[in-house]
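Working through the structure, step by step
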Amino acid sequence: ESQRKSRRKAIDWNAKLRPELEPEIISDKRLGDRLLLPTPLLVAEEIAQVPRGATITVAQLRARLAQRFGAERTCPLMTGIFVKIIAGAVAGDLTQGRKPRWPVWRLVNDSGTLSTTWPLDALYRATRLREEGVRLGHQRDAWQVLNPGA
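Anyway, here's the lowdown on the structure attached to this text. (Residues numbered from 1 in each chain as written. Predicted model: local features only at pLDDT ≥ 70, side-chain atom pairs only at ≥ 80, totals over all residues. Heavy atoms only, no water.)

Within the element layout of this structure, Arg 98 appears in the loop between helix 5 (76-95) and strand 5 (107-108). Of the residues examined, Arg 98 reaches a relative accessible area of 36% and is grouped as partly exposed. When sequence neighbours within four positions are dropped, the list of residues in contact with Arg 98 reads Asn 14, Gly 92 and Asp 93. At 2.4 Å, the side chain of Arg 98 and the side chain of Gln 96 are in polar contact. (Helix = DSSP H or I, 4+ residues; strand = E, 2+ residues; numbered from the N terminus. Buried < 20%, exposed > 50% of the residue type's maximum accessible area, 1.4 Å probe, protein only. Contact = heavy atoms within 4.5 Å. Polar contact = N/O pair within 3.5 Å; in protein donor to acceptor, adjacent residues only side chain to side chain.)

Once that is clear, we can look at the nonpolar core. Across soluble globular proteins, nonpolar side chains show a tendency to be buried alongside one another. One finds Val 43, Ile 47, Leu 61, Ile 86, Trp 102, Val 104 and Leu 107 to be the most contacted residues of the largest nonpolar core, which totals 27 residues. At the level of secondary structure, the elements contributing two or more residues to this core comprise helix 3 (40-48), helix 4 (58-68) and helix 5. Top element by residues in this core is helix 5. It accounts for eight residues. Once residues lying within four places of it in the same chain are set aside, the contact partners of Leu 61 are Val 43, Glu 46, Ile 47, Ile 56, Thr 79, Val 83 and Leu 107. Within the second largest apolar cluster, 10 residues are counted, among which are Val 108, Leu 114, Val 134 and Trp 143. (Core = buried A, V, L, I, M, F, W, Y, C linked by side-chain atoms within 4.5 Å.)

For the pair helix 3 and helix 4, the least separation of the axes is 10 Å and the interaxial angle reads 110°. Relative to helix 4, the element helix 3 is oriented roughly perpendicular. For the pair formed by helix 3 and helix 4, the contact residues are Leu 42, Val 43, Glu 45, Glu 46 and Ile 47 on the first element and Leu 61, Arg 64, Leu 65 and Arg 68 on the second. A per-class count over the contact of helix 3 with helix 4 returns five nonpolar, no polar and four charged. (Axes fitted to C-alpha atoms, helices over the stretch in contact; angles between N-to-C directions. Parallel < 35°, antiparallel > 145°, perpendicular 65-115°, else oblique. Nonpolar A, V, L, I, M, F, W, Y, C, P; charged D, E, K, R; others polar.)

Structural data, given as structure tokens:
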């Protein structure tokens, strides 16, 4: 049984990108506003707009998407899941010797830290940001952008 667990199948991040999905705006009955349900590629497209040497927080990303689609908010849960999928796809690009499709290293947590739960190494992301001129610090086992969203 333990052998079966150790041979866990590698995640196919590209399959999770789901290019056939379309964004949808729903009415959130709880809050009474319009909520954008994004797609993985829509989130990736917005990340691709962040210029070299700049960063964007997850909250800023969600706000941009909501504004672009005329909604008040973008679903935080779906956005978080899709960001991990995009990071996984970029990690796959690098593993296979390909150029990363999206500059996901420019996306930081709302606190300005680099997520430690993504399938793309935080040290790699910190290195890329430093190469682009972003100032970083390192505290409590996490990389911290000193000027997040700038």
